[in-house]
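Residues per chain, in single letters:
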Amino acid sequence: MTTEFRMTPETMMALKEMLIQHVPQMRALGVEIINAAHAQAWLRVPYDERFIGNAETGVIHGGVITTVLDNTCGMAVQLAMDEPKAIATLDLRIDYMKPATPGLALTTHAHCYKTTRNIAFVRGTAYHTDINDPIASCVGTFMIGANRTVPTGVAAAKAFMAKQKKEG
Amino acid sequence: MTDTKTPRDLNAFIEGIPYARFLGISVDQKGNEITTVMKFDEKLIGNPLLPALHGGVIGAFLEMTAIIQLAYETGSAAIPKPIGLTIDYLRSGKPVDTYARAQITKQGRRVATVHAEAWQEDRSKPIAATHGHFLLKTGEEAES
(Lines give C-alpha, C1' and ligand atoms only; values in the text may rest on other atoms or scores of the structure.)
Protein backbone atom coordinates (compact mmCIF):
# COMPACT_ATOMS: atom_id res chain seq x y z
CA MET A 1 0.00 0.00 0.00
CA THR A 2 2.79 2.37 0.88
CA THR A 3 4.48 3.56 -2.27
CA GLU A 4 8.22 3.07 -2.18
CA PHE A 5 10.05 5.94 -3.76
CA ARG A 6 13.47 5.44 -5.17
CA MET A 7 14.95 8.89 -5.55
CA THR A 8 17.09 8.43 -8.59
CA PRO A 9 18.28 11.59 -10.35
CA GLU A 10 15.63 10.90 -13.02
CA THR A 11 12.81 10.65 -10.47
CA MET A 12 14.01 13.83 -8.83
CA MET A 13 14.07 15.55 -12.18
CA ALA A 14 10.52 14.36 -12.93
CA LEU A 15 9.30 15.63 -9.54
CA LYS A 16 11.03 18.92 -10.08
CA GLU A 17 9.61 19.36 -13.54
CA MET A 18 6.12 18.43 -12.50
CA LEU A 19 5.71 19.85 -9.03
CA ILE A 20 7.80 23.00 -9.27
CA GLN A 21 7.89 24.05 -12.88
CA HIS A 22 4.12 24.19 -13.25
CA VAL A 23 3.62 26.32 -10.12
CA PRO A 24 4.40 29.95 -11.03
CA GLN A 25 5.05 31.05 -7.43
CA MET A 26 7.61 28.26 -6.91
CA ARG A 27 9.37 29.24 -10.13
CA ALA A 28 9.37 32.89 -9.05
CA LEU A 29 11.04 31.96 -5.75
CA GLY A 30 13.52 29.64 -7.44
CA VAL A 31 12.51 26.68 -5.24
CA GLU A 32 14.19 23.31 -5.75
CA ILE A 33 13.21 19.84 -4.59
CA ILE A 34 16.13 18.34 -2.76
CA ASN A 35 14.53 15.10 -1.55
CA ALA A 36 11.24 13.25 -1.35
CA ALA A 37 9.94 10.11 0.32
CA HIS A 38 6.57 8.64 1.20
CA ALA A 39 4.62 11.48 2.92
CA GLN A 40 7.75 13.62 3.16
CA ALA A 41 9.32 16.36 1.11
CA TRP A 42 12.41 18.55 1.34
CA LEU A 43 12.69 21.83 -0.57
CA ARG A 44 15.27 24.56 -0.81
CA VAL A 45 14.89 28.23 -1.62
CA PRO A 46 18.01 30.25 -2.41
CA TYR A 47 18.77 33.56 -0.69
CA ASP A 48 17.63 36.38 -2.93
CA GLU A 49 17.66 40.13 -2.32
CA ARG A 50 14.09 40.35 -3.63
CA PHE A 51 12.94 38.40 -0.53
CA ILE A 52 14.41 40.79 2.02
CA GLY A 53 11.97 41.88 4.71
CA ASN A 54 14.27 44.34 6.43
CA ALA A 55 16.63 46.32 4.22
CA GLU A 56 18.86 47.23 7.18
CA THR A 57 19.60 43.66 8.20
CA GLY A 58 19.12 41.84 4.89
CA VAL A 59 17.02 39.18 6.66
CA ILE A 60 14.41 37.56 4.41
CA HIS A 61 10.73 38.19 5.13
CA GLY A 62 8.74 35.64 7.13
CA GLY A 63 6.30 35.46 4.22
CA VAL A 64 8.86 33.65 2.07
CA ILE A 65 9.24 31.03 4.82
CA THR A 66 5.43 30.76 5.08
CA THR A 67 5.12 30.21 1.33
CA VAL A 68 7.82 27.57 1.08
CA LEU A 69 6.61 25.76 4.23
CA ASP A 70 3.03 25.76 2.89
CA ASN A 71 4.24 24.32 -0.39
CA THR A 72 6.44 21.70 1.29
CA CYS A 73 3.49 20.64 3.43
CA GLY A 74 1.23 20.40 0.37
CA MET A 75 3.81 18.28 -1.38
CA ALA A 76 4.13 15.96 1.63
CA VAL A 77 0.33 15.52 1.55
CA GLN A 78 0.45 14.63 -2.16
CA LEU A 79 3.22 12.13 -1.47
CA ALA A 80 1.15 10.56 1.33
CA MET A 81 -1.89 9.80 -0.82
CA ASP A 82 -2.32 6.75 -3.00
CA GLU A 83 -3.65 8.78 -5.87
CA PRO A 84 -3.32 12.49 -6.61
CA LYS A 85 -6.22 14.64 -5.48
CA ALA A 86 -6.70 18.38 -5.34
CA ILE A 87 -5.76 19.72 -1.92
CA ALA A 88 -6.17 23.10 -0.25
CA THR A 89 -4.63 24.51 2.91
CA LEU A 90 -7.25 24.77 5.64
CA ASP A 91 -5.03 26.29 8.27
CA LEU A 92 -1.38 26.80 8.87
CA ARG A 93 0.26 27.84 12.11
CA ILE A 94 3.83 29.08 11.96
CA ASP A 95 6.28 29.83 14.77
CA TYR A 96 9.38 31.84 14.02
CA MET A 97 12.26 30.76 16.22
CA LYS A 98 15.06 32.92 14.90
CA PRO A 99 15.75 35.12 11.88
CA ALA A 100 17.21 33.45 8.81
CA THR A 101 20.86 34.29 8.21
CA PRO A 102 21.31 36.67 5.24
CA GLY A 103 23.06 35.03 2.34
CA LEU A 104 22.13 31.46 3.22
CA ALA A 105 19.65 29.24 1.40
CA LEU A 106 16.65 27.99 3.34
CA THR A 107 15.80 24.30 3.57
CA THR A 108 12.33 23.04 4.49
CA HIS A 109 11.09 19.61 5.47
CA ALA A 110 7.49 18.51 5.90
CA HIS A 111 5.92 15.27 7.04
CA CYS A 112 2.29 14.39 6.50
CA TYR A 113 1.82 12.15 9.54
CA LYS A 114 -1.86 11.40 9.14
CA THR A 115 -4.50 11.44 6.44
CA THR A 116 -8.21 10.79 6.81
CA ARG A 117 -10.82 10.70 4.04
CA ASN A 118 -11.14 14.50 4.10
CA ILE A 119 -8.22 15.94 6.01
CA ALA A 120 -4.43 15.64 6.01
CA PHE A 121 -2.29 16.62 9.01
CA VAL A 122 1.22 17.94 8.45
CA ARG A 123 4.21 19.26 10.36
CA GLY A 124 7.09 21.20 8.86
CA THR A 125 10.41 22.83 9.71
CA ALA A 126 12.58 25.47 8.06
CA TYR A 127 16.34 25.57 8.70
CA HIS A 128 19.66 26.29 7.05
CA THR A 129 21.69 23.11 7.43
CA ASP A 130 20.73 21.60 10.80
CA ILE A 131 17.09 20.61 11.30
CA ASN A 132 17.71 20.70 15.08
CA ASP A 133 18.49 24.40 14.83
CA PRO A 134 15.20 25.54 13.28
CA ILE A 135 14.35 28.99 11.93
CA ALA A 136 10.63 28.25 11.88
CA SER A 137 8.26 25.36 12.39
CA CYS A 138 4.70 24.87 11.28
CA VAL A 139 1.71 22.65 11.71
CA GLY A 140 -1.11 22.60 9.22
CA THR A 141 -4.21 20.85 8.00
CA PHE A 142 -5.20 20.35 4.39
CA MET A 143 -8.56 19.58 2.82
CA ILE A 144 -8.39 16.55 0.54
CA GLY A 145 -10.45 16.65 -2.65
CA ALA A 146 -10.78 20.39 -2.25
CA ASN A 147 -11.91 21.00 -5.81
CA ARG A 148 -12.28 19.25 -9.14
CA THR A 149 -8.80 19.95 -10.39
CA VAL A 150 -6.36 17.09 -10.15
CA PRO A 151 -2.74 18.14 -10.03
CA THR A 152 -1.48 16.66 -13.28
CA GLY A 153 2.07 17.13 -12.12
CA VAL A 154 1.61 14.73 -9.22
CA ALA A 155 -0.21 12.18 -11.38
CA ALA A 156 2.59 12.26 -13.90
CA ALA A 157 5.32 12.09 -11.26
CA LYS A 158 3.66 9.11 -9.56
CA ALA A 159 3.09 7.35 -12.88
CA PHE A 160 6.74 7.89 -13.65
CA MET A 161 7.76 6.41 -10.30
CA ALA A 162 5.42 3.43 -10.66
CA LYS A 163 6.83 2.72 -14.12
CA GLN A 164 10.34 2.97 -12.79
CA LYS A 165 9.50 0.62 -9.93
CA LYS A 166 8.06 -1.95 -12.34
CA GLU A 167 11.05 -1.77 -14.61
CA GLY A 168 13.50 -1.83 -11.70
CA MET B 1 8.19 53.96 23.18
CA THR B 2 10.64 55.03 20.51
CA ASP B 3 11.99 58.32 19.35
CA THR B 4 11.33 57.53 15.71
CA LYS B 5 8.28 59.07 14.09
CA THR B 6 5.40 57.40 12.34
CA PRO B 7 6.42 56.91 8.75
CA ARG B 8 4.01 59.39 7.18
CA ASP B 9 4.18 57.85 3.78
CA LEU B 10 3.51 54.16 4.30
CA ASN B 11 4.29 53.49 0.65
CA ALA B 12 7.77 54.86 1.34
CA PHE B 13 7.96 52.58 4.40
CA ILE B 14 7.25 49.49 2.32
CA GLU B 15 9.71 50.66 -0.33
CA GLY B 16 12.30 49.69 2.29
CA ILE B 17 10.95 46.13 2.22
CA PRO B 18 12.07 44.47 -1.03
CA TYR B 19 9.75 41.48 -0.46
CA ALA B 20 6.71 43.82 -0.47
CA ARG B 21 7.75 44.93 -3.95
CA PHE B 22 8.25 41.30 -4.98
CA LEU B 23 4.62 40.57 -4.01
CA GLY B 24 3.40 43.83 -5.59
CA ILE B 25 2.01 45.25 -2.34
CA SER B 26 0.98 48.90 -2.02
CA VAL B 27 -0.88 50.86 0.64
CA ASP B 28 -4.16 52.70 0.22
CA GLN B 29 -4.39 55.11 3.11
CA LYS B 30 -7.52 57.13 3.82
CA GLY B 31 -6.87 59.09 6.98
CA ASN B 32 -6.16 56.54 9.69
CA GLU B 33 -7.72 53.71 7.65
CA ILE B 34 -5.18 51.51 5.96
CA THR B 35 -5.95 48.99 3.27
CA THR B 36 -3.12 47.03 1.67
CA VAL B 37 -3.41 46.01 -1.95
CA MET B 38 -1.69 43.05 -3.59
CA LYS B 39 -1.90 43.50 -7.33
CA PHE B 40 -2.53 40.30 -9.21
CA ASP B 41 0.43 38.89 -11.06
CA GLU B 42 0.91 35.54 -12.77
CA LYS B 43 3.82 34.68 -10.48
CA LEU B 44 1.54 34.68 -7.40
CA ILE B 45 -0.32 31.61 -8.69
CA GLY B 46 -0.02 28.38 -6.70
CA ASN B 47 -2.61 26.26 -8.55
CA PRO B 48 -2.48 26.99 -12.28
CA LEU B 49 -5.43 24.69 -13.02
CA LEU B 50 -8.09 26.61 -11.07
CA PRO B 51 -6.27 29.07 -11.18
CA ALA B 52 -5.74 30.17 -7.57
CA LEU B 53 -3.25 32.30 -5.67
CA HIS B 54 -0.61 30.43 -3.68
CA GLY B 55 -1.76 29.99 -0.08
CA GLY B 56 1.66 30.98 1.18
CA VAL B 57 1.48 34.24 -0.73
CA ILE B 58 -1.87 35.06 0.90
CA GLY B 59 -0.32 34.29 4.30
CA ALA B 60 2.67 36.49 3.48
CA PHE B 61 0.35 39.30 2.39
CA LEU B 62 -1.57 39.10 5.69
CA GLU B 63 1.69 39.12 7.64
CA MET B 64 2.84 42.19 5.69
CA THR B 65 -0.50 43.91 6.36
CA ALA B 66 -0.08 43.29 10.09
CA ILE B 67 3.46 44.70 9.97
CA ILE B 68 2.32 47.83 8.12
CA GLN B 69 -0.52 48.42 10.59
CA LEU B 70 1.90 47.99 13.51
CA ALA B 71 4.43 50.34 11.94
CA TYR B 72 1.67 52.92 11.54
CA GLU B 73 0.20 52.61 15.01
CA THR B 74 3.38 52.24 17.04
CA GLY B 75 5.07 55.01 15.08
CA SER B 76 8.26 53.00 15.04
CA ALA B 77 10.40 52.86 11.94
CA ALA B 78 11.75 49.51 13.15
CA ILE B 79 10.05 46.56 11.49
CA PRO B 80 8.16 44.32 13.96
CA LYS B 81 9.22 40.66 13.98
CA PRO B 82 6.62 37.91 13.71
CA ILE B 83 6.69 35.42 16.61
CA GLY B 84 3.90 33.15 15.46
CA LEU B 85 0.83 33.31 13.32
CA THR B 86 -2.13 31.16 12.46
CA ILE B 87 -3.62 31.49 9.01
CA ASP B 88 -7.14 30.31 8.23
CA TYR B 89 -7.88 29.74 4.58
CA LEU B 90 -11.54 30.45 3.91
CA ARG B 91 -11.90 30.63 0.12
CA SER B 92 -9.55 30.08 -2.76
CA GLY B 93 -7.80 33.23 -3.95
CA LYS B 94 -8.92 34.16 -7.44
CA PRO B 95 -6.46 35.58 -9.98
CA VAL B 96 -7.47 39.18 -9.20
CA ASP B 97 -6.24 41.95 -6.88
CA THR B 98 -6.43 41.16 -3.15
CA TYR B 99 -7.03 43.61 -0.30
CA ALA B 100 -6.41 43.33 3.43
CA ARG B 101 -6.86 45.17 6.67
CA ALA B 102 -5.35 44.54 10.07
CA GLN B 103 -6.48 45.38 13.54
CA ILE B 104 -4.29 45.42 16.63
CA THR B 105 -6.10 43.38 19.27
CA LYS B 106 -3.65 44.21 22.01
CA GLN B 107 -0.43 46.17 22.09
CA GLY B 108 1.88 45.49 24.96
CA ARG B 109 5.33 46.90 25.59
CA ARG B 110 7.13 44.10 23.80
CA VAL B 111 4.47 42.04 22.09
CA ALA B 112 1.44 42.98 19.99
CA THR B 113 -1.45 40.73 18.98
CA VAL B 114 -2.82 41.41 15.53
CA HIS B 115 -5.76 40.13 13.49
CA ALA B 116 -5.84 40.60 9.72
CA GLU B 117 -8.30 39.68 7.01
CA ALA B 118 -7.96 39.49 3.23
CA TRP B 119 -10.70 39.73 0.61
CA GLN B 120 -11.12 40.22 -3.11
CA GLU B 121 -14.31 41.39 -4.82
CA ASP B 122 -16.53 41.20 -1.76
CA ARG B 123 -15.43 42.57 1.61
CA SER B 124 -18.00 40.36 3.37
CA LYS B 125 -16.44 37.22 1.86
CA PRO B 126 -12.88 37.07 3.23
CA ILE B 127 -10.52 34.61 1.53
CA ALA B 128 -8.21 34.28 4.52
CA ALA B 129 -7.64 35.56 8.03
CA THR B 130 -4.70 35.51 10.38
CA HIS B 131 -4.11 35.99 14.05
CA GLY B 132 -0.54 36.53 15.15
CA HIS B 133 1.94 37.81 17.68
CA PHE B 134 4.70 40.27 16.83
CA LEU B 135 7.76 41.34 18.75
CA LEU B 136 8.09 45.11 18.91
CA LYS B 137 11.53 46.64 19.04
CA THR B 138 12.32 49.33 21.52
CA GLY B 139 14.37 52.32 20.42
CA GLU B 140 17.62 50.99 21.90
CA GLU B 141 17.16 47.51 20.49
CA ALA B 142 16.44 48.92 17.05
CA GLU B 143 19.77 50.73 17.12
CA SER B 144 21.85 47.77 18.23
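Please read all numbers here as calculations on a predicted model, not as lab measurements.

The rules we used
Residues numbered from 1 in each chain as written. Chains lettered and ligands numbered in written order. Predicted model: local features only at pLDDT ≥ 70, side-chain atom pairs only at ≥ 80, totals over all residues. Helix = DSSP H or I, 4+ residues; strand = E, 2+ residues; numbered from the N terminus. Buried ≥ 20, exposed ≤ 12 C-beta atoms within 10 Å, placed from the backbone. Expected span 1.5 Å × (residues − 1). Pairing = 2+ DSSP bridges. Contact = placed C-beta atoms within 7 Å. Nonpolar A, V, L, I, M, F, W, Y, C, P; charged D, E, K, R; others polar.

1. Points about unusual backbone geometry
Reasoning step 1: For the bond from L50 of chain B to P51 of chain B, the omega torsion is -10°, close enough to zero to count as cis.
Reasoning step 2: Even without a glycine there, the phi angle at A39 of chain A is positive, about 65°.
Reasoning step 3: With respect to the element layout, A39 of chain A can be found in the loop between strand 1 (32-37) and strand 2 (40-45).
Reasoning step 4: Under the C-beta neighbour-count criterion, A39 of chain A is labelled buried, with 23 such atoms within 10 Å.

2. A word on helix 3 (residues 55-74) of chain B
Residues and elements named next belong to chain B.
Reasoning step 1: Across its 20 residues, helix 3 extends 29 Å between first and last C-alpha, which sits within 8% of the 28 Å expected from 1.5 Å per residue.
Reasoning step 2: In terms of burial, helix 3 is largely enclosed, as 19 of its 20 residues are buried.
Reasoning step 3: With its phi angle positive at about 75°, G75 sits one or two positions after the end of helix 3.

3. Brief notes about the pairing of strand 2 (residues 33-38) of chain B
For a regular strand, side-chain orientation follows a simple rule: the groups alternate between the two sheet faces.
All names here are of chain B.
Reasoning step 1: Bridge count between strand 1 (residues 25-30) and strand 2: six bridges; the pairing is antiparallel. Bridging across to strand 2, V27 finds its partner in T36.
Reasoning step 2: Between strand 1 and strand 2, which pair antiparallel and follow one another directly, the connecting turn spans two residues, one of which, G31, has a positive phi of 60°.
Reasoning step 3: Strand direction decides the pairing type here: strand 2 and strand 6 (residues 98-107), joined by three bridges, are antiparallel.

4. Quick notes on the interface of chain A and chain B
Reasoning step 1: Each partner contributes residues to the interface: chain A has 32 residues there, and chain B has 32 residues.
Reasoning step 2: Within the residue set of the side of chain A that touches chain B, elements represented by two or more residues are helix 2 (24-29), strand 3 (52-54), helix 3 (62-80) and strand 5 (87-96) of chain A.
Reasoning step 3: Ranked by residue count, the leading element in the side of chain A that touches chain B is strand 5 of chain A, at nine residues.
Reasoning step 4: A breakdown of the residues in the side of chain A that touches chain B according to their chemical character gives 13 nonpolar, 13 polar and six charged.
Reasoning step 5: Here five bridges tie strand 5 of chain A to strand 5 (residues 81-89) of chain B, and the two strands are oriented antiparallel to one another. The residue of strand 5 of chain B that forms the bridge with D95 of chain A is G84 of chain B.

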